[in-house]
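Secondary and tertiary structure notes
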Number of protein chains: 2
Amino acid sequence: MSERNRSVPSVGMVGGGQLARMTHQAGIALGVDFRVLATSATDSAARVSGDVHLGDDRGLADLAAFAKSCDVLTFDHEHVPEPVLRELEREGATLRPGRAALRYAQDKLRMRTRAEELGVPCPRWRAVTTPEHVEALAAETGWPVVLKAARGGYDGKGVWMVDSPEAAAETVRRAAEAGVPLLVEERVDFVRELAVQVARSPYGQLAVYPVVETVQRDGICHEVIAPAPDLDDEKATRAQELAIELAHALDVVGMLAVELFETPAGVVVNELAMRPHNSGHWTIDGARTSQFEQHLRAVLDLPLGSPRSTAPFTVMANVLGGADPDVYNRYFHVMARDPELKVHFYGKEVRPGRKIGHVTVAGTDHRDLLARARDAAAYLKGDPQ
Amino acid sequence: MSERNRSVPSVGMVGGGQLARMTHQAGIALGVDFRVLATSATDSAARVSGDVHLGDDRGLADLAAFAKSCDVLTFDHEHVPEPVLRELEREGATLRPGRAALRYAQDKLRMRTRAEELGVPCPRWRAVTTPEHVEALAAETGWPVVLKAARGGYDGKGVWMVDSPEAAAETVRRAAEAGVPLLVEERVDFVRELAVQVARSPYGQLAVYPVVETVQRDGICHEVIAPAPDLDDEKATRAQELAIELAHALDVVGMLAVELFETPAGVVVNELAMRPHNSGHWTIDGARTSQFEQHLRAVLDLPLGSPRSTAPFTVMANVLGGADPDVYNRYFHVMARDPELKVHFYGKEVRPGRKIGHVTVAGTDHRDLLARARDAAAYLKGDPQ
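Residues numbered from 1 in each chain as written. Chains lettered and ligands numbered in written order. Predicted model: local features only at pLDDT ≥ 70, side-chain atom pairs only at ≥ 80, totals over all residues. Heavy atoms only, no water.

Focus on the overall build of chain A
A count of helical and extended segments in chain A gives twelve helices and 17 strands. Here the C-alpha coordinates of chain A stretch approximately 65 × 55 × 40 Å along the principal axes. Every one of the 385 residues in chain A was classed for burial, and the buried ones make up 61%. For chain A, contacts bridging at least 24 residues in sequence account for 61% of all contacts bridging at least 6. (Helix = DSSP H or I, 4+ residues; strand = E, 2+ residues; numbered from the N terminus. Buried < 20%, exposed > 50% of the residue type's maximum accessible area, 1.4 Å probe, protein only. Contact = heavy atoms within 4.5 Å.)

What to know about the pattern of salt bridges
Side chains that differ in sign of charge can pair as their charged atoms come close. Applying the stated criterion to the full structure yields 75 salt bridges over all chains. Arg86 of chain A serves as the salt-bridge partner of Glu82 of chain A, at 3.6 Å between the closest nitrogen and oxygen. Of the two residues, Glu82 of chain A and Arg86 of chain A are both situated in helix H3 (residues 82–90); the distance of four residues between them amounts to about one turn of the helix. Of the charged contacts, one joins Lys235 of chain B and Glu262 of chain B as a salt bridge, the two residues approaching to 3.0 Å between their closest N and O atoms. Pair noted here: Lys235 of chain B is in helix H8 (residues 233–249) and Glu262 of chain B is in strand E13 (residues 254–263), with a separation of 27 residues, a long-range link. Assigned by exposure class, Lys235 of chain B and Glu262 of chain B land together as buried. Three or more residues joined by partner-sharing salt bridges are found here, namely Glu82, Arg86, Glu89, Arg99 and Arg110 of chain A. (Salt bridge = Lys/Arg side-chain N within 4 Å of Asp/Glu carboxyl O.)

Digging into the domain arrangement of chain A
One can read the domain layout of chain A as domain 1 (10–95), domain 2 (124–186) and domain 3 (192–381). Computed from C-alpha atoms alone, the centre-to-centre distance between domain 1 of chain A and domain 2 of chain A is 34 Å. (Domains from an automatic or database assignment.)

A short note on the sheet that holds strand E8 (residues 182–186) of chain A
Residues and elements named next belong to chain A. Read from one edge of the open sheet, four strands run E5-E8-E6-E7, paired in antiparallel fashion. A strand with exactly one partner marks an edge of an open sheet, and here the two such strands are strand E5 (125–128) and strand E7 (159–162). Taken over all neighbouring pairs, the strand axes of this sheet differ in orientation by 25 degrees on average, direction set aside. Each of E5, strand E6 (145–149), E7 and E8 is contacted by helix H6 (residues 131–141), which is oriented at about 165 degrees to E5, the strand it contacts most. (Pairing = 2+ DSSP bridges. Axes fitted to C-alpha atoms, helices over the stretch in contact; angles between N-to-C directions.)

Focus: the packing of helix H1 (residues 18–30) of chain A against helix H1 (residues 18–30) of chain B
One can describe the packing of H1 of chain A onto H1 of chain B by two numbers: an axis separation of 10 Å at closest approach and a directional angle of 160 degrees. The orientation of H1 of chain A with respect to H1 of chain B, classified from their angle, is roughly antiparallel. Here H1 of chain A runs over H1 of chain B; the crossing is left-handed. Contacts between H1 of chain A and H1 of chain B involve Arg21, His24, Gln25, Ile28 and Ala29 of chain A from the former and Arg21, His24, Gln25, Ile28 and Ala29 of chain B from the latter. (Parallel < 35°, antiparallel > 145°, perpendicular 65-115°, else oblique. Left-handed = near helix turned anticlockwise from the far one by under 90°.)

Some thoughts on the UniProt feature "binding site: ATP" (unreviewed entry) in chain A
Residues and elements named next belong to chain A. In the numbering used here, UniProt assigns the "binding site: ATP" (unreviewed entry) feature to Lys108, Lys148, Glu185, Glu186, Arg187, Val188, Glu193, Asn270 and Glu271. Mapped onto the elements, Lys108 comes out in helix H5 (residues 108–117). Of note, Glu271 is situated in strand E14 (residues 266–273). Exposure remark for Glu271: the relative accessible area of 13% places this residue in the buried category. Ignoring sequence-local partners within four residues, the contact set of Glu271 consists of Lys108, Met111, Lys148, Ala257, Val258 and Glu259. (UniProt positions renumbered as here; feature names shortened; annotations may be inferred.)

Here's the deal with the sheet that holds strand E8 (residues 182–186) of chain B
All names here are of chain B. Strand order in the open sheet formed by four strands is E5-E8-E6-E7, and the pairing between neighbours is antiparallel. A single partner strand is all that each edge strand has here, and the edge strands are strand E5 (125–128) and strand E7 (159–162). Sheet twist, expressed as the average angle between the axes of neighbouring strands with direction ignored, equals 25 degrees. The pairing of E5 with E8 spans four bridges and is classified as antiparallel. Among the inter-strand pairings, Arg126 is bridged to a residue of E8, identified as Val184.

Notes on the packing of H6 of chain A against helix H7 (residues 165–177) of chain A
All names here are of chain A. Running from N to C, H6 and H7 cross one another at 140 degrees; their axes reach a closest spacing of 9 Å. Relative to H7, the element H6 lies oblique. In this structure, H6 crosses over H7, and the sense of that crossing is right-handed. Packed against H6, whose contacting residues are Pro131, Val134 and Glu135, the element H7 presents Pro165, Ala168, Ala169 and Val172 at the interface. For the contact of H6 with H7, the class distribution of residues is six nonpolar, no polar and one charged. (Nonpolar A, V, L, I, M, F, W, Y, C, P; charged D, E, K, R; others polar.)

Concerning the pairing of strand E16 (residues 342–345) of chain A
Residues and elements named next belong to chain A. A two-sided burial pattern is seen for E16, the buried positions comprising Lys342 and His344 on one face and Val343 and Phe345 on the other. Here E16 runs beside strand E17 (residues 355–363); their pairing, made up of four bridges, is antiparallel. Pairing of His344 across the sheet is with His358, part of E17.

Structural notes on unusual backbone geometry
Residues and elements named next belong to chain A. Pro227 follows Ala226 through a cis peptide bond whose omega is -10 degrees. For Pro227, the location among the structural elements is in the loop between strand E12 (220–226) and helix H8 (233–249). One non-glycine residue with positive phi stands out, namely Asp251, at about 60 degrees. Within the secondary structure layout, Asp251 lies in the loop between H8 and strand E13 (254–263).

What about the interface of chain A and chain B?
In this assembly, 53 residues from chain A lie in contact with 53 residues from chain B. Summing both partners gives a buried area of about 4600 Å² for chain A against chain B, and 52% of it is carried by carbon and sulfur. The three residues of chain A that bury the most area against chain B are Ile28, Arg288 and Tyr328 of chain A, which together make up 15% of that side's buried surface. The interface formed by chain A and chain B contains six salt bridges. For Arg308 of chain B, the salt bridge goes to Glu340 of chain A, with nearest N and O atoms at 2.7 Å. Elements with a contribution of two residues or more to the side of chain A that touches chain B: H1, helix H10 (291–299), helix H11 (331–337) and E16 of chain A. (Buried area = accessible area lost by both parts, 1.4 Å probe.)

What about helix H7 (residues 165–177) of chain B?
Residues and elements named next belong to chain B. When the terminal C-alpha atoms of H7 are compared, their 18 Å separation across 13 residues agrees well with the 18 Å that a helix rising 1.5 Å per residue should span. Turning to H7, its buried residues number three or more, namely Ala168, Thr171, Val172 and Ala175. Mapping the buried residues of H7 onto a view down its axis gives an arc of 100 degrees, with all of them on the same face. In H7, the exposed positions that point more than 90 degrees away from the buried face belong to Glu166 and Glu177. Where H7 ends, the next residue or the one after it, Gly179, has phi of about 70 degrees, a positive value. (Expected span 1.5 Å × (residues − 1). Arc of directions from axis to C-beta.)

Some words on the relation of the copies chain A and chain B
If you rotate chain A by 180 degrees and push it 0.0 Å along the axis, it lands on chain B with an RMSD of 0.0 Å. Within this description, the copies of the chain are treated as partners about a two-fold rotation axis. Of the C-alpha atoms belonging to chain A, the one lying closest to the rotation axis is found on Gly50 of chain A, 2.2 Å away. (Least-squares fit on C-alpha atoms with pLDDT ≥ 70 in both.)

Things to note about the UniProt feature "domain: ATP-grasp" (unreviewed entry) in chain A
Taken from the UniProt record, the annotation "domain: ATP-grasp" (unreviewed entry) applies to residues 112–300 of chain A. Strand forms 32% of residues 112–300 of chain A and helix 32%; the C-alpha atoms that close the span are 29 Å apart.

With respect to the environment of Glu82 of chain A
All names here are of chain A. For Glu82, a relative accessible area of 16% translates into the label buried. Residues Glu82 and Glu241, spaced 159 residues apart in sequence, show a C-alpha to C-alpha distance of 28 Å. If near-sequence neighbours (up to four positions away) are discounted, Glu82 is found in contact with Arg99, Arg103, Gln106 and Arg110. Within the local environment of Glu82, its side chain forms a polar contact with the side chain of Arg110, the two groups lying 2.9 Å apart. (Polar contact = N/O pair within 3.5 Å; in protein donor to acceptor, adjacent residues only side chain to side chain.)

Now the structure itself:
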């Protein structure tokens, strides 16, 4: 649309996925001028946004043109190559987070190196260029170990659990062929997985959300319980402190998600993301300020909103695509069964295993909430009941 | 955008105001195919919606064309003339609410006549074609009395408080010149004003929201306190029952707002609206299901969501335009001062006295919440502090 309100800033989000879609929802309330650079008119955010620019969301030409129309550029994903980010900054674009921060989200070798310098607890790890590097770590930690692509991946994967020198050699060989840099990490013997989100503004203001439990199956986040039930205060505080330390030290602007392992001894940092994150979708229905509104407030350097929970517990379950794509037809049952359930759909083409939406339910008994969210997500997927 | 998901229904909203804008936000989560018929690309909803049709939102030609692209047509306002609605229904459009219901929202004479037949408590009233009709009511109730345009109005007004036969005669004369039908009502000696909302689906399901207090000044709703503090149970239940009776009897589909006067003896119905309503904006931040999501669920005949409040009290204050249109610049102060505050802006051109947004705050002490919401709204307007 043309003739926008001149007194409000324009925020451009690079990438048209569900994170941009939900950020657009938050931008409507704030009344800011939100636009999206999407690769296709059928992208999740492109279906619902009033100001969609179509182009290559990883290439300099389209990004530079998009940046010219925006006061601030932010990101739905981490896939813009560092040289492109560098050139955009050189041309005067305001990237939030900036290139210097994003490279830690884009490259796990850099992230681990920097985290270690900062004294952040990490799994034992080392860079891998030969199978011997993997064997050296395994000699300390035992097999299996976890091989990770520092950037990208191959065969659609970026993480491989390997349990022998032979398997390690095969993965190292194939990664080398694909030009994918690797690192190896110990397999942490964790109690459960946690995540914590913090927002940081250019002014330096911080707002940290409650620590949540994330339930992963087959490498996919299935459910999030906010806050993590029965987490001891010391571990919760430590996790929040780590997120704050990392946000400061890496100069993050916007939302930072830190995924952690809880072990008997404490918490260990697994992964970082510098954008709204799946572990924070619960905040739309369960926190005073959603992660999407908070991300916009942070990248616009507005004062941050309260990250307070509005219910004792909120549980989010991802809805994955199943064999039957007619998800809407299944709304009737889940909505009739649970009037408290919040349904979020992303308008994406339904493909088996793809994240196509999520459901949320809030209340006091986290076991009951988890059961209800799981049931609804399974029904919406089309699983036999 | 083209190539939409074929398995989801399309809902068209007639009118591009803030109600359509906030309905679009709700439609994004539901993943339905939401589109707007707006008169200008700068209309509140047109600025943010992915599927905007521009045209005359009161004329048959553009409405008929718009209806052809929609499974269900619903309304941001009550201004589509009845003959146009009739012709749209004749051509097969699905209007929700339908013409038969809408005429009670469009014509206060019809509404009063029908409400009286139903035994709904109303102010004493009569139809007015001569000044003597006004005097006859005033002879029963005393002056002043309230003259109302049954439809439309003149000089931008539809309600006149008149305190003498001379003032009545002048208003009747000017209304006749403007072709505006009138009715006269007693001025109800009320304790305060209340409102209650109910959603009704074609299936007949109902969901009724808590009764709220609305604070009006100069004929404009300034604040809403949800639920109405210290309202006795009998009156609250009676107000909810009246809303349910009216929704059934008038065959409303979607949201029905009933504005009432609280008197020492009970509650009296003032006005009706068959759409999302200003008295329900608090539900975005204060109820499990917002009125906008509920309206969509009702018009799509989906099972309705829980209308439960998520906080003991939620207070909404409208933000009116002031002399200085740079509202965004004032965000910094109100957000820094009150991180719990939710800001909703409508992207409308700022004109003095125009509703340009609202703020909401939720908690336990309704007096404190009202003070905070009022302060924020006044500051955003630009009033001297």
